[in-house]
Amino acid sequence: MNLHVDEEEQGPWTVLRIQGELDLLTSPMVRRRVHDAVAGGRHDVVLDLAGVVFCDSSGVGVLIASRRLMRSCQGRLRVVLPARGSEDASHVNRVLAALGVRRLFDVYGDAAEAVDEEAHPLSA
């Protein structure tokens, strides 16, 4: 399976909707898209991972690197994952929780919540 990334600007936020498998072969594409957003002056990024069906350590690495990049430029990174208790709880959510790194991210249930300045992240 391939990876597909759609980009949309919503106010100050760049929303990257990612679908497919986030692995050794595809994670460089996500890294590049986050870097391109920052290079273009967009320092608030949402990674919508609800459509990601598989994530390996390379995928987790690109998420952590994206967090580090956004923090270094005083930007914000928000991640969209289906809630853990829902029927469609994402593979990524389970992987991040199992590795103990989910708490590093501001996680939201959908992109609309993630770009809403009044919304609060889901608990880890």
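Everything numeric in this text was worked out from a predicted model, so none of it was measured.

This paragraph deals with helix α3 (residues 91–99). Restricting attention to buried positions, one finds in α3 the residues V92, N93, V95 and L96. Looking down the long axis of α3, one finds its buried residues gathered within 165° of arc, a one-sided arrangement. Packed against the buried residues of α3 are β3 (44–55) and α2 (57–72). Downstream of α3 by a residue or two, G100 has a phi angle that is positive, lying close to 75°.

Okay, a negative patch on the surface next. A cluster of acidic side chains, namely D110, E113, D116 and E118, defines a negative patch on the protein surface. Since its relative accessible area comes to 32%, E113 is described here as partly exposed.

Our next topic: the pairing of strand β2 (residues 13–22). Buried residues dominate β2, accounting for seven of its 10 residues. Pairing of strand β1 (residues 3–10) with β2, which is carried by eight bridges, proceeds in the antiparallel orientation. Considered in β2, the bridge of E8 is made with V15. Remark: two residues form the turn of the hairpin made by β1 and β2, two consecutive strands paired antiparallel; G11 in that turn has positive phi of roughly 60°. Pairing geometry for β2 and β3, over nine bridges, is parallel. Each residue of the ladder has a partner; that of L16, found in β3, is L47. You can see the chain leave β2, run along helix α1 (residues 27–39) and come back into β3, and the turn it takes is right-handed.

Calculation notes
Residues numbered from 1 in each chain as written. Predicted model: local features only at pLDDT ≥ 70, side-chain atom pairs only at ≥ 80, totals over all residues. Heavy atoms only, no water. Buried < 20%, exposed > 50% of the residue type's maximum accessible area, 1.4 Å probe, protein only. Helix = DSSP H or I, 4+ residues; strand = E, 2+ residues; numbered from the N terminus. Arc of directions from axis to C-beta. Contact = heavy atoms within 4.5 Å. Patch = residues over 30% accessible without salt bridge, like charges linked within 9 Å, V, L, I, M, F, W, Y side chains within 5 Å. Areas by Shrake-Rupley, 256 points an atom, 1.4 Å probe, with all protein chains shown as cover. Salt bridge = Lys/Arg side-chain N within 4 Å of Asp/Glu carboxyl O. Lys, Arg positive; Asp, Glu negative; His and termini not counted. Charge placed at Lys NZ, Arg CZ, Asp CG, Glu CD. Pairing = 2+ DSSP bridges. Right-handed = clockwise from strand over helix to strand, strands pointing away.

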